[in-house]
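# Working through the structure, step by step
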Amino acid sequence: MSKFVNDPKQFVPEMLKGIALANPDALRYVPAYNLIMRADAPSDDKVSIIQGSGSGHEPAHVMVVGKGMLDAACPGDVFSAPPVDYVYETTKLLKSEKGVLYLVNNYTGDRLAFEMAAEMAEADGIRVRTLVIDDDVAVSGSTHTVGRRGVAGNFFVMKAVGAAAECGDDLDALVALGARVNGVTRTMGVALSSCTPPAKGAPLFQIAADEMEVGIGIHGEPGRRRAKQVTANEVVSLLLDAVVSDLPFQAGDRVALMINGLGGTPIGELYVLYGAAHEQLASQGIQVARSYVGEYCTSLEMAGASLTLVRLDDELMDLLLAPAEIPYRVF
Amino acid sequence: MSKFVNDPKQFVPEMLKGIALANPDALRYVPAYNLIMRADAPSDDKVSIIQGSGSGHEPAHVMVVGKGMLDAACPGDVFSAPPVDYVYETTKLLKSEKGVLYLVNNYTGDRLAFEMAAEMAEADGIRVRTLVIDDDVAVSGSTHTVGRRGVAGNFFVMKAVGAAAECGDDLDALVALGARVNGVTRTMGVALSSCTPPAKGAPLFQIAADEMEVGIGIHGEPGRRRAKQVTANEVVSLLLDAVVSDLPFQAGDRVALMINGLGGTPIGELYVLYGAAHEQLASQGIQVARSYVGEYCTSLEMAGASLTLVRLDDELMDLLLAPAEIPYRVF
Amino acid sequence: MEHSSLPAVELIVRTIAETAIANEEYFCQLDAVVGDGDFGYSLARGFEKVLEDFANFDRSSIGAFLRKAGLVIASRAGGTTGPLWGTAFLRAGAAAGNRQALSPQDVVALLRAAVEGIRQRGGASLGEKTLLDALAPAIDRLEADLAGGVSDGGVQALANAARVAEQAAEATSSMIALRGRASYTGERSIGSPDAGAVAVGVIANRISAAWRDFRAQRSEQS
Amino acid sequence: MEHSSLPAVELIVRTIAETAIANEEYFCQLDAVVGDGDFGYSLARGFEKVLEDFANFDRSSIGAFLRKAGLVIASRAGGTTGPLWGTAFLRAGAAAGNRQALSPQDVVALLRAAVEGIRQRGGASLGEKTLLDALAPAIDRLEADLAGGVSDGGVQALANAARVAEQAAEATSSMIALRGRASYTGERSIGSPDAGAVAVGVIANRISAAWRDFRAQRSEQS
Ligand SMILES: Nc1ncnc2c1ncn2[C@@H]1O[C@H](COP(=O)(O)OP(=O)(O)O)[C@@H](O)[C@H]1O
Ligand SMILES: Nc1ncnc2c1ncn2[C@@H]1O[C@H](COP(=O)(O)OP(=O)(O)O)[C@@H](O)[C@H]1O
Ligand SMILES: [Mg+2]
Ligand SMILES: [Mg+2]
Ligand SMILES: [Mg+2]
Ligand SMILES: [Mg+2]
């Protein structure tokens, strides 16, 4: 296992400690609940936004806590939804007069944990609303009773509601906004390799060196099909076909285009994908008005990428451009 | 080869095209010379700063062109210094009354290319000065006639001289500043895996799954020794021992600490290293005043990390905190 | 199993916990085939905490005891497992109420309440390749065996129920997963049993053995 | 090799170029052992461009022709190779000046100028495991063989020089690399020959063969 790790069971806490040490003024770390929160939260003038999910998707979500994004993140172990307790205790610590907004990626474990925590928090008199994010077009069809997964597109929901919350928007407005963003956001990913959770010590699934998993989930869940690897341009075509036809995006649309690395793919390759996607979209009359290339929602060290499109309007563009300050930064 | 690539020989141009498409207003791309330059450069009120090196180290250097950082980057192929021509033509396009500053990582190929280009540009009446960066402590001792390598620490030189150039500092002042930053910057890296240049299609070197290369270079060059993998805390100890003792850094120093990913290591692991390094430094009385965790100078998809320390003073801190706008960004 | 008292309930809970911990890796492996490989981990973390706090659990009634176990599981186990298994114990506790002993019918009612909790919380129906597909038929069998009255304290009935659970778990192999992370594998989930269902089988088997030993000791002593 | 004229120089340059391109992968592999594996790639890209522009090179003199080749190599080949090989051709061109033909002594002087250019540009001394360690002894041998005059137009002298280059390249195996990317391998570079030196040997060998054929054709024709 070629990883920087001490005791694998302490991987998540040690990562969180590192984040806290790197951001002593901006963040507070509560080890008992894997909680990373803004040092200046909660405030009764602002809805508290909480996201939680399994770990291993960094920078999502523990590295995007800060002004204009999340107020807190309470991750579970690698690829495991957080225990109810973490969510409940986090909710109590982030309690605000304006209410608490849960952003939940649509996975059974996450939904159940937040649902139970919400019941408990509401019993304490805390106002909670939950927004479920499900941007992954790979999962579709009638057999999927669990619905679509939430993947890299959750960045846009966090960014938009984070910016709006900073302006003082109330809980219901934020839920409506988040639902609107989720409604115009679509993603599909492709994996070129597997990944190894530290505590497991072995790859999550097997994939041959010349194969790819089309429609991969961010926990190594299978997607639509296993196929032979193809060129970067062809990868972009098949991702775009699935994503564009789903909403559908149409000629004349202005979009944000995200090429998200899954953890092991260098950013140079992501830009090769970006260039191809930008041009293929242009040829369909879809204009990329804002670009995001890098790692936003990963699967440990998995080689692969996902492509997200968001249909923009002026309000959404403003929210995306609003300033934000988080641990995940260059300078 | 699990990579997103079309024709491997077109890997670098396609990456550059992607960068240009993602930043249509800020950047200009000149395919003939692999050139990425600020759209608003050159200006006779500002020294033009050019960096060039092999590709495969992204975001260095093509993704850090912009206000407050580089004015242009002209990379060679993957892990290969740029041809003289690229550097020379770039220099002509970036010609400024205030002069042109070359930032060159200390590798023979890069030095020779910039040296020949400088001779040619000076013959054209362009004022050029060159600053060689050599922060890697792995390479030392009397046998190394080529001197130390320039690695991730070059970020701090670019950031500092980039900020100072934006304030109108003249060429000599920038060279002096850059030399000063380089003089207080030290780095060492460790690799847990090899990497595969697209045009080569096979790993650059062989390393067993339980081994690490201590003191790795950013082109897969060997370091100090091959060893069995150890815990994250032990990795930090041995990197810090080498880096701290070299300058040496001392109790009472305020430093910037960078944990740089080499391309294939997820940021969660980098924060595990960061936490350990921060604490080990604190126990030596060295205070981390500014942190950088992420990818700054990579080796394609190599699993591994480097640790950089910079001794700070107030002027340098201000330069690091000065705003900058580059393609490599989160929002 | 004429009238199960708190010591009997403690034994069952402890046996579940020890089995979960002992099989952490096996259960993870099963989940890795069609799911995401964390089931054994989540289950073990939850029940580890149960054993850790065991001595201090509220023992004022069987219901209080089971509710406490449920809270600990829900609070400590991540994934889908924490909420589902936590809810199961909480509901069983609620069904037991402040009883100090359970009749065979109480035991069945308590198990039915647990199943109903899982069903409500997770929204799954039978045949969707979840632990319900092992749990429900095993309880059916137990109810049938206990209905006519038993002479051995339920030893044979539990053994039968465990066998049904194991067989039913095995039979989930032919199902297509429609719930949890495994559902993303779609058709590919066919051919491997559901991790949660197998866990129910393994645990039922251990409970059956533990109960047999427990009864044997009691009759020696008496 | 009494008096080499432009066609002879063209043949040599073309042979170097074709050999570099044909051995791209082999030279990369050699560089990968102790260096960073790009030597063959850089060399091939440079000489590809030489062949591409070949027809349009300035042919007003041997010096002009060689300088043009040097410029193209320096401008197109990356790595250390571009500046070093480019400089070598530029210096050889400068030494040739506007001559239309070269005496054997001119050829040696031109090669010495190339070596001196590499030495100045790269700062390497003999014994530091670079291409100089094959090139310098081969030129020494060529100079010695040509000194007494030759009757076969230099065919045998070139063959001898090529053999010396190959042997010297082989002998770099025991050296420790002190220049270029290979120097970072330190002690580990011992046991494998230097890529640049091997390339010089291979190229010298191909030049020797090409020259023999060229002379044979000429004598048939005459
Ligand atoms: N909605 C559901 N209802 C009942 N049981 C479920 C449901 N979803 C999953 N399970 C059970 O939980 C097991 C997986 O648990 P776990 O690995 O913790 O969940 P996940 O990784 O999917 O979040 C499955 O094997 C299945 O038996
Ligand atoms: N300073 C130097 N002087 C002369 N030859 C050198 C020098 N450095 C490297 N070489 C030669 O160049 C070859 C490597 O070329 P190349 O791969 O392009 O360089 P690099 O990858 O080190 O930039 C070596 O095998 C060696 O023969
Ligand atoms: Mg899970
Ligand atoms: Mg090189
Ligand atoms: Mg699971
Ligand atoms: Mg090389």
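This report concerns the structure included in the present document.

Reading guide: rules and limits
Along each chain, numbering runs from 1 in the same order as the chain's sequence is written. Note on labels: chains are lettered from A, ligands numbered from 1, in written order. In keeping with the model being predicted, local features are shown solely for residues with a pLDDT of at least 70 and side-chain atom pairs are shown and tallied solely at 80 or more, while totals for entire chains, interfaces and linings include all residues. With hydrogens and water set aside, each side-chain value is computed from the structure's full complement of heavy atoms. Labels follow the DSSP assignment, with helices taken as runs of H or I lasting at least four residues and strands as runs of E lasting at least two, numbered in each case from the N terminus. C-alpha atoms define the radius of gyration in this analysis, and the globule rule sets the expected value at 2.2 Å times the number of residues to the power 0.38. Any residue under 20% of the maximum accessible area for its type is buried, any over 50% is exposed, and the rest in between are partly exposed; the area is computed with a 1.4 Å probe on protein chains only. Residues count as neighbours in contact if any of their non-hydrogen atoms are within 4.5 Å of one another. Only the protein chains shown count as cover for residues, with accessible areas throughout obtained via the Shrake-Rupley method and a probe of 1.4 Å. Under the convention used here, Asp and Glu are negative, Lys and Arg are positive, and both His and the chain ends fall outside the count. Throughout, a charge is located at the NZ atom of Lys, the CZ atom of Arg, the CG atom of Asp or the CD atom of Glu. Defined in terms of a 1.4 Å probe, buried area is the accessible area two parts forfeit on being brought together, summed over both. Here, a salt bridge means any Lys or Arg side-chain nitrogen found within 4 Å of an Asp or Glu carboxyl oxygen. The definition of a polar contact used here is a pair of N or O atoms within 3.5 Å, where within protein one atom must be able to donate a hydrogen and the other to accept one, and adjacent residues in sequence count solely through side-chain atom pairs. When residue character is reported, Ala, Val, Leu, Ile, Met, Phe, Trp, Tyr, Cys and Pro are called nonpolar, Asp, Glu, Lys and Arg charged, and the others, Gly included, polar. Water is absent from the atoms considered, so a metal site may look incomplete; donors are defined as N, O and S atoms within 2.8 Å of the metal, or 3.2 Å for Na, K and Ca. What sets the superposition is a least-squares fit of C-alpha atoms, and only residues with pLDDT of at least 70 in both copies go into it. Nearness is defined per residue: one heavy atom within 4 Å of the molecule or strand is enough. In short, DSSP must find at least two bridges between two strands for them to pair. Each axis is a line fitted through C-alpha atoms, and for a helix only the stretch in contact is used; angles between axes span 0 to 180 degrees, taken between their N-to-C directions. We call two directions roughly parallel when the angle between them is under 35 degrees, roughly antiparallel when it is over 145, roughly perpendicular when it lies between 65 and 115, and oblique otherwise. By convention the crossing between two helices is left-handed if the near helix lies anticlockwise of the far one by an angle smaller than a right angle, and right-handed if it lies clockwise. Handedness of a crossover is defined as follows: orient the strands so they point away from the viewer, and if the path from the first strand over the helix to the second runs clockwise, the crossover is right-handed.

### Quick notes on the overall build of chain A
- Summing up its helical and strand segments, chain A has eight helices and twelve strands in all.
- Taking 20 Å as the expected radius of gyration for a compact globule of 331 residues, we find that chain A reaches 19 Å, a close match to that expectation.
- Summarising its shape, the C-alpha atoms of chain A cover approximately 50 × 45 × 45 Å along the three principal directions.
- Considering chain A as a whole, with its 331 residues, one finds that 68% of them fall into the buried category.
- Pairs at least 24 apart in sequence give 74% of the contacts found in chain A among residues at least 6 apart.
- Counting only carbon and sulfur atoms, one obtains 48% of the accessible surface of chain A, whose full area is about 9,700 Å².
- With 27 positive and 41 negative side-chain charges, chain A shows a spacing of 1 Å between the two charge centroids.

### Some points on the interface of chain B and chain D
- In this complex, chain B contributes 37 residues to the contact, which on the side of chain D involves 27 residues.
- Overall, the association of chain B and chain D removes approximately 2,600 Å² of surface from exposure, summing both partners, and the carbon and sulfur fraction of that is 55%.
- Summed over the shared surface of chain B and chain D, the result is three salt bridges.
- We note a salt bridge from E119 of chain B to R121 of chain D, for which the minimum N-O separation is 3.2 Å.
- Across the contact surface, chain B and chain D share ten residue pairs in polar contact (both at pLDDT 80 or more).
- At the level of secondary structure, the elements contributing two or more residues to the side of chain B that touches chain D comprise helix 2 (84-93), helix 3 (108-123) and strand 9 (225-228) of chain B.
- Per-element tally for the side of chain B that touches chain D: the top contributor is helix 3 of chain B, with eight residues.
- Of the residues contributing to the side of chain B that touches chain D, the split by class is 14 nonpolar, ten polar and 13 charged.

### Observations regarding the coordination of the magnesium ion (ligand 6)
Residue and element names in this part refer to chain D.
- Donor atoms from the polypeptide that coordinate the magnesium ion (ligand 6) comprise D31 (OD), D36 (OD) and D38 (OD), at 2.1 Å from the metal.
- The sequence motif formed by the donor residues of the magnesium ion (ligand 6) is D-x4-D-x1-D.
- A relative accessible area of 6% means that D36 is categorised as buried.
- A relative accessible area of 12% means that D38 is categorised as buried.

### What about the relation of the copies chain B and chain A?
- With an RMSD of 0.0 Å, the operation that places chain B on chain A is a rotation of 180 degrees combined with a shift of 0.0 Å along the axis. Between the two chains, the operation in question is that of a two-fold axis. For chain B, the smallest separation between a C-alpha atom and the rotation axis is recorded for G264 of chain B, amounting to 2.2 Å.
- The fraction of interface residues of chain B whose copies in chain A are also interface residues reaches 100%, indicating that both copies meet through the same surface.

### Notes on the coordination of the magnesium ion (ligand 4)
- Within the protein, the magnesium ion (ligand 4) binds to D36 of chain D (OD), D38 of chain D (OD) and D38 of chain D (OD); these donor distances fall in the range 2.1 to 2.8 Å.
- A distance of 3.5 Å spans the gap from the magnesium ion (ligand 4) to the magnesium ion (ligand 6), which D36 of chain D bridges by coordinating each metal.

### Describing the site of ligand 1
Residues and elements named next belong to chain C.
- The immediate surroundings of ligand 1 are formed by 18 residues, with D36, D38, T80, T81 and D194 found nearest.
- F39 places a polar main-chain atom, nitrogen or oxygen, 3.5 Å from an oxygen atom of ligand 1.
- At 3.0 Å from an oxygen atom of ligand 1 is found a main-chain nitrogen or oxygen belonging to R181.
- Bound to the protein, ligand 1 loses 97% of the 560 Å² it would expose on its own.
- Put simply, the parts of the chain that give the shell around ligand 1 at least two residues each are helix 5 (81-96), helix 6 (104-122) and helix 9 (195-221).
- In the shell around ligand 1, the residues fall into six nonpolar, six polar and six charged.

### Description of the sheet that holds strand 5 (residues 100-105) of chain B
Residues and elements named next belong to chain B.
- The strand order across the open sheet formed by six strands is 1-2-4-3-5-6, and the pairing between neighbours is mixed. Looking at strand neighbours, the two that pair on one side only are strand 1 (27-30) and strand 6 (128-133), the edges of this open sheet.
- By the bridge criterion, four bridges tie strand 1 to strand 2 (residues 35-38) in an arrangement that is antiparallel. If you follow Y29 over to strand 2, its bridge partner there is I36.

### Examining the packing of helix 6 of chain C against helix 7 (residues 132-147) of chain C
Residue and element names in this part refer to chain C.
- Look at helix 6 against helix 7: their axes get within 10 Å of each other, and the N-to-C directions meet at 160 degrees. Between helix 6 and helix 7, the angle is such that the two are roughly antiparallel. The handedness of the crossing between helix 6 and helix 7 comes out as left-handed. For the pair helix 6 and helix 7, contact is made by P104, Q105, V108, L111, R112, V115, I118 and R119 and by L132, L135, A136, I139, D140, L142, E143 and L146, respectively.
- Here the contact of helix 6 with helix 7 is composed, by residue class, of eleven nonpolar, one polar and four charged.

### A word on the site of ligand 2
Residues and elements named next belong to chain D.
- Around ligand 2, the structure places 18 residues, and the nearest of them are D36, D38, T80, T81 and D194.
- The contact in question runs from an oxygen atom of ligand 2 to an N or O atom on the side chain of D38, over 2.9 Å.
- T81 places a polar side-chain atom, nitrogen or oxygen, 2.6 Å from an oxygen atom of ligand 2.
- Relative to its free-state accessible area of 560 Å², ligand 2 is covered by the protein chains to the extent of 97%.

### Quick word on the side chain of S189 of chain D
- Within the secondary structure, S189 of chain D is located in the loop between helix 8 (155-171) and helix 9 (195-221).
- Here S189 of chain D is in contact with V34, K129, S173, M175, I176, A177 and A182 of chain D, once residues within four sequence places are set aside.

### Considerations on the pattern of salt bridges
- Summed over the entire model, instances satisfying the criterion amount to 75 salt bridges over all chains.
- Between R186 of chain A and D246 of chain A there is a salt bridge, with its nearest N and O atoms 2.7 Å apart. Residue R186 of chain A is found in strand 7 (residues 185-191), and its partner D246 of chain A is found in helix 6 (residues 232-246); the two are separated by 60 residues along the sequence.
- The exposure class of R186 of chain A is buried, given its relative accessible area of 12%.
- Residue R311 of chain B is joined to D253 of chain B by a salt bridge in which the shortest nitrogen-to-oxygen separation is 3.6 Å. Taken as a pair, R311 of chain B in strand 12 (residues 304-311) and D253 of chain B in the loop between helix 6 (232-246) and strand 10 (254-261) lie far apart in primary sequence, 58 residues in all.
- Judged by relative accessible area, which is 29%, R311 of chain B ranks as partly exposed.

### What to know about the pairing of strand 11 (residues 287-294) of chain B
All names here are of chain B.
- With seven bridges connecting them, strand 10 and strand 11 associate as parallel partners. Counterpart to M258 in the pairing with strand 11 is Y292.
- Note on the crossover from strand 10 through helix 7 (residues 267-283) to strand 11: the handedness is right-handed.

### A short note on the sheet that holds strand 8 (residues 211-214) of chain A
All names here are of chain A.
- In spatial order, the strands read 9-8-7-12-10-11; together these six strands make up an open sheet with mixed pairing. The strands lining the two open edges of the sheet, one partner per strand, are strand 9 (225-228) and strand 11 (287-294). In this sheet, neighbouring strand axes are inclined to one another by 20 degrees on average, regardless of whether the strands run parallel or antiparallel.
- Running at roughly 155 degrees to strand 7, helix 6 makes contact with strand 7, strand 8, strand 9 and strand 12 (304-311) of the sheet.

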